[in-house]
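# Observations on chain architecture
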Amino acid sequence: AGGAGAGLFSYNRGNYMFDQKMHYTRFQAGLNMAIAQTGIYKQDIAQLTALTVTRMDCFHGIAAMGLTILTAIYCPGKLGFHVPPPPGWLMGLMMVNVAGCYMFLGLTLWYCMHAAMRADTAATHMLTRFVRLPIPSQGMLDKARKFLSSYEEQPLSEVLRVPFTRHQKPAKGRNGGYNEAMDIDDAAKGRSRHGYDVPAWYRKEKAVDNVSTIDTIESMMPLAARGSAPEHFEAYREIQMEWMPYDVYARVCIFLAFMHLTHCWAYHQIGHLIQEVRAPFACSIVMLPMFVLQQVILTLDIAPGGVPIQRLGPCSLWFAYFAAICESVRWYNPQVQAVGFVLVYCAYAIHIIYTLQLLRLCAPSKEAPSAVDCAGAAWWPGEWRLPSAFSHALWFLAPPKELEPGLEDICAELRAEQRGGPTVAGGSTESDKRQDVHRALGKQGESPAWFGVKVGLSSLLIAWMFLTFGFTIEIMNQGTAHPSLLSAPGMPNNARDPRYRPARPGNAEPTEVGTGGVAAGPAKGVHMGKLHRRLSGVEFATTPTTEMRRDIANKLREFMPQLQEVARFGTLESASATLPMAPAATEVQWPAMFEPQLLTCSAHAEIAVALSRHGRGALVSTPAMDVEAFVLQGVAGHGAIVAASWDTQGLMIVTSMGNLFECAGAAPKAGKWACKLLAGAKLPIAVAGQLFKGSVAVSRAAGEVQAAVLFNGEDTVTIFGRSASSWLPHAEVRTPVAKAATVAAAFSASGSSLLVASVDGSVAEMQMADGQHSELASANAGHKGHAWAGACRLASGALARLAVSLEAEAAAKFILG
């Protein structure tokens, strides 16, 4: 009996020693696996945060690039600096899109900054506060350790238990249910120790271990409702709600900004290519890629679904393009203007509808998109309210809500064992999740990020409606006493506007500067009924008729000889002779084989220069009528001479190819006048290689070179100004003679007026400042067989005219007066 007892004691003591060794080894293995898994959890948080930070850094760079491009369009690329500006409706289309692009790019920068910094801060907070390695304390190690002498504490039934017998049977007051969760077959389960059939020391270890044994592995969840995923995922997903809307709407703002950027750049090109350089076909080539680009962006960023109203937005480019063409047609046509107005209204209506559709697409959806709860794709919980239209372009990733099959959460099991609960915690209710999600919303029940985008789009909608209303007011006011709310570009404010000064003597109403004068300007008859308050006491005379103007001109012409005497001698009695009162041909002995075609007068002497088309010339001194022949050197090979001007610096020559020559010096030397070609662009008179047919005048008054071009068959004169590299059109006014009657033109010495000669010999003077004109010489039919070729003013103010012969035997005539 003693031997049997000693054998049972030794057998059960060996089992106890083996179990205690395995218990400590299992404790160390579980902690090592928990430490390794916690390291993976720390990587999860870092990688989830890196997605947001990297994405925001990318968006931040794109927004900065967009701001650079937009500023280049807005500042250096401004329209209307050197030429007439585009119409107000086109500037409205462009500037609203510029403002919208600035707004959404600014929102992108702020949203990116907020999301990146908040995500980085949250990740650092979790890594330093919550997700820590479960390093065991000394107390934990002491509890896991067992002394061999503790075997003496076991009950006698365990110390002397006979092998292959049960440790205990179910009875009242005894604990059971151990190891019942083992997933093994029934045969193996029958051979294992489970239920009540476990050693007493095992039951005691379980009771001790479940009471604050693993005291460093505590719950990280901020809520009472916990899901089945690892707790660091649950905690991160709740914190993620604080920057998720800014992350999402930063991507939406990038889309909105670049759609407005492409719109404003396209409208800028319409203003430049059509209004400034008059290149409609080149502009259409720009509109087509911009239209395609916007459609592609809409395809890439917005998920298909419902009626694609947003596809209408890029179509506004074409309506604005054709409306700008209607505004810039060569001749005014009321029907074409009406078509242009309709197209402008269509462009505005498209932008209004387009903005309303963007408001609908960018709003948070009440229903979860199809992307939620899908592995391998952008994912976020279904309770998060995000714009479903952008679901495939957001690429947002939230932590999973459920633990994937085959994966184990060792830390959660240790916490569950510590709490004595199940291995996996129960899931949270939908109301709990909703309540936690909406804690990041504002007072209006929506995220601040969406609120900013909504306010921005709403302000653009108001802007489009305001522009439509303003355009309607402009249409209603055109042709009235108040055609616009503001004065014309380049005009001073109304306190200094010369248009509101009293009318000049002989005029019935004030003259608008640069519009063709009282008789030809567009304001003729407009201001008579609604005069400015400063003009209310002015009595205007009747507008002089053509007969009245002609009578005044004849009387002034009769008085010219007396005025010339006063200018030369001081009194009328000292005059030794008077000039003829009626113009008469003066005998001039022209050089042999010389055929004069152009005439220009000196600004400092009573001398005129007659030129042929091919470089020969003659100086005609009045009143002696001495003739000195000369030759222009350096103009051959550049086309026929079409214009000449003689000032204090020398002779200016324009050829039919548009070349400009300068012949320096007051007069030719030794029968030669050296000329040199001036660098720069050619005067645009040679069209498609065809010979120029018309008249040209050139002047170099006050150091500024300008040219007046009268094309054959037109009743308007185009004024060009020469810059360093090009000729720019300055104005276009009607000539004071009938259509197709102009034969020659010449600037006055000061460049302030233009002399226009007609086929009947009459000469009219047109003021460059206001377009007013007066008759200097009436029609002269007494020179049959000759055609009038030119006219100019001598230094004394007398008029000189040239009539070329239509017959081979007759010579050209030089007429004074």
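Since this is a predicted model, take the numbers as computed values, not measurements.

## Focus on the sheet that holds strand 15 (residues 742-747)
Within the open sheet, the 4 strands sit side by side as 15-16-17-18. Their pairing is antiparallel. Looking at the sheet topology across the chains shown, the edges are occupied by strand 15 and strand 18 (773-777). Each strand of the sheet is rotated relative to its neighbour by a mean of 25 degrees, with strand direction disregarded. Sheet topology note: the strand 15/strand 16 (residues 753-758) ladder contains 5 bridges and is antiparallel. If you follow Thr742 over to strand 16, its bridge partner there is Ser758.

## A closer look at the state of the cysteines
Summed over the entire model, instances satisfying the criterion amount to 2 disulfides. Between the sulfur atoms of Cys601 and its disulfide mate Cys792 the distance is 1.8 Å. The S-S bond linking Cys601 to Cys792 shows a torsion near 50 degrees; that makes this disulfide right-handed. Within this pair, whereas Cys601 is found in strand 2 (residues 598-601), its partner Cys792 is found in strand 19 (residues 786-793), the two being separated by 191 residues in sequence. Cys792 shares its class with Cys601; the two are buried. The partner cysteine of Cys663 in its disulfide is Cys675, sulfur to sulfur 1.8 Å. Sign of the S-S torsion, about 100 degrees for the bond between Cys663 and Cys675, identifies this disulfide as right-handed.

## Examining the nonpolar core
With 98 residues, the main nonpolar core has Trp89, Ile270 and Val453 as its most contacted residues. Not counting residues within four places of it along the chain, the set of residues in contact with Val453 comprises Phe104, Leu107, Tyr111, Tyr249, Cys253, Leu256 and Cys362. Listed in part, the 19 residues of the second largest apolar core include Cys792, Ala798, Val804 and Ala812.

## A word on the pattern of salt bridges
Once their charged atoms are close, side chains differing in charge can pair, the charge on each being opposite to the other. Following the criterion strictly, the structure yields 6 salt bridges and no others. With a shortest N-O distance of 2.7 Å, Asp301 and Arg251 are connected by a salt bridge. Here Asp301, found in helix 9 (residues 280-301), pairs with Arg251, found in helix 8 (residues 244-276); they are 50 residues apart in sequence, far enough to count as distant. Each member of the pair Asp301 and Arg251 is classed as buried. Measuring nitrogen to oxygen at the nearest pair gives 3.0 Å for the salt bridge that ties Asp647 to Arg700. With Asp647 in strand 6 (residues 641-647) and Arg700 in the loop between strand 11 (694-699) and strand 12 (706-711), this residue pair connects regions lying 53 residues apart in the sequence. Residue Asp647 shares its accessibility class with Arg700, and that shared class is buried. What emerges from the salt-bridge pattern is a single network uniting Asp647, Glu662 and Arg700.

## Some details on the packing of helix 2 (residues 88-129) against helix 15 (residues 448-477)
One way to put it is that helix 2 packs onto helix 15 with a least axis distance of 11 Å and a crossing angle of 175 degrees. The orientation of helix 2 with respect to helix 15, classified from their angle, is roughly antiparallel. Between helix 2 and helix 15, the contacting residues are Trp89, Gly92, Leu93, Val96, Asn97, Gly100, Met103, Phe104, Leu107 and Tyr111 on the first element and Pro448, Ala449, Gly452, Val453, Gly456, Leu457, Ser459, Leu460, Ala463, Trp464, Leu467 and Phe471 on the second. Of the residues in the contact of helix 2 with helix 15, the class split is 16 nonpolar, 6 polar and no charged.

## Side note on the confidence of the model for the chain
Of the residues in the chain, 74% reach a pLDDT of 70 or more, and the chain-wide mean stands at 77. Low pLDDT, under 50, characterises residues 421-428; the stretch is placed with 16 contacts to residues that sit more than four places away or in other chains. In the model, residues 526-541 has pLDDT below 50 throughout and makes 26 contacts with residues more than four positions away in sequence or in other chains.

## Quick notes on helix 10 (residues 316-327)
In this model, helix 10 (12 residues) spans 16 Å end to end at C-alpha, consistent with the 16 Å of a helix rising 1.5 Å per residue. Those residues of helix 10 lying buried are Ser316, Leu317, Ala320, Tyr321, Ala323, Ala324 and Cys326. Packing partners of the buried residues in helix 10 comprise helix 2, helix 8, helix 9 and helix 11 (334-362).

## Quick notes on the pairing of strand 7 (residues 650-655)
Counting buried residues along strand 7, 6 of its 6 residues qualify, which places the element largely inside the surrounding structure. In this structure, strand 6 lies alongside strand 7, joined through 6 bridges in antiparallel fashion. For Trp646, the partnering residue across the bridge sits in strand 7 and is Leu651. Pairing between strand 7 and strand 8 (residues 660-664): 5 bridges, direction antiparallel. What sits directly across from Leu651, in strand 8, is Cys663.

## Overview of the sheet that holds strand 7
Adjacent strands of a sheet form backbone hydrogen bonds with each other and so pair up, either parallel or antiparallel. Strand order in this open sheet of 4 strands is 6-7-8-10, and the pairing throughout is antiparallel. Whereas interior strands pair on both sides, the edge strands pair on one side only; in this sheet they are strand 6 and strand 10 (676-677).

## Considering a nonpolar patch on the surface
A cluster of nonpolar side chains, contributed by Leu288, Val292, Val296 and Leu300, occupies part of the molecular surface with about 350 Å² of accessible area. By the secondary structure assignment, Leu288 is in helix 9. Residue Leu288 is classed as partly exposed on the basis of its relative accessible area, which comes to 46%.

Conventions adopted
Residues numbered from 1 in each chain as written. Predicted model: local features only at pLDDT ≥ 70, side-chain atom pairs only at ≥ 80, totals over all residues. Heavy atoms only, no water. Pairing = 2+ DSSP bridges. Helix = DSSP H or I, 4+ residues; strand = E, 2+ residues; numbered from the N terminus. Axes fitted to C-alpha atoms, helices over the stretch in contact; angles between N-to-C directions. Disulfide = S-S within 2.5 Å. Buried < 20%, exposed > 50% of the residue type's maximum accessible area, 1.4 Å probe, protein only. Core = buried A, V, L, I, M, F, W, Y, C linked by side-chain atoms within 4.5 Å. Contact = heavy atoms within 4.5 Å. Salt bridge = Lys/Arg side-chain N within 4 Å of Asp/Glu carboxyl O. Parallel < 35°, antiparallel > 145°, perpendicular 65-115°, else oblique. Nonpolar A, V, L, I, M, F, W, Y, C, P; charged D, E, K, R; others polar. pLDDT = per-residue confidence, 0-100. Expected span 1.5 Å × (residues − 1). Patch = residues over 30% accessible without salt bridge, like charges linked within 9 Å, V, L, I, M, F, W, Y side chains within 5 Å. Areas by Shrake-Rupley, 256 points an atom, 1.4 Å probe, with all protein chains shown as cover.

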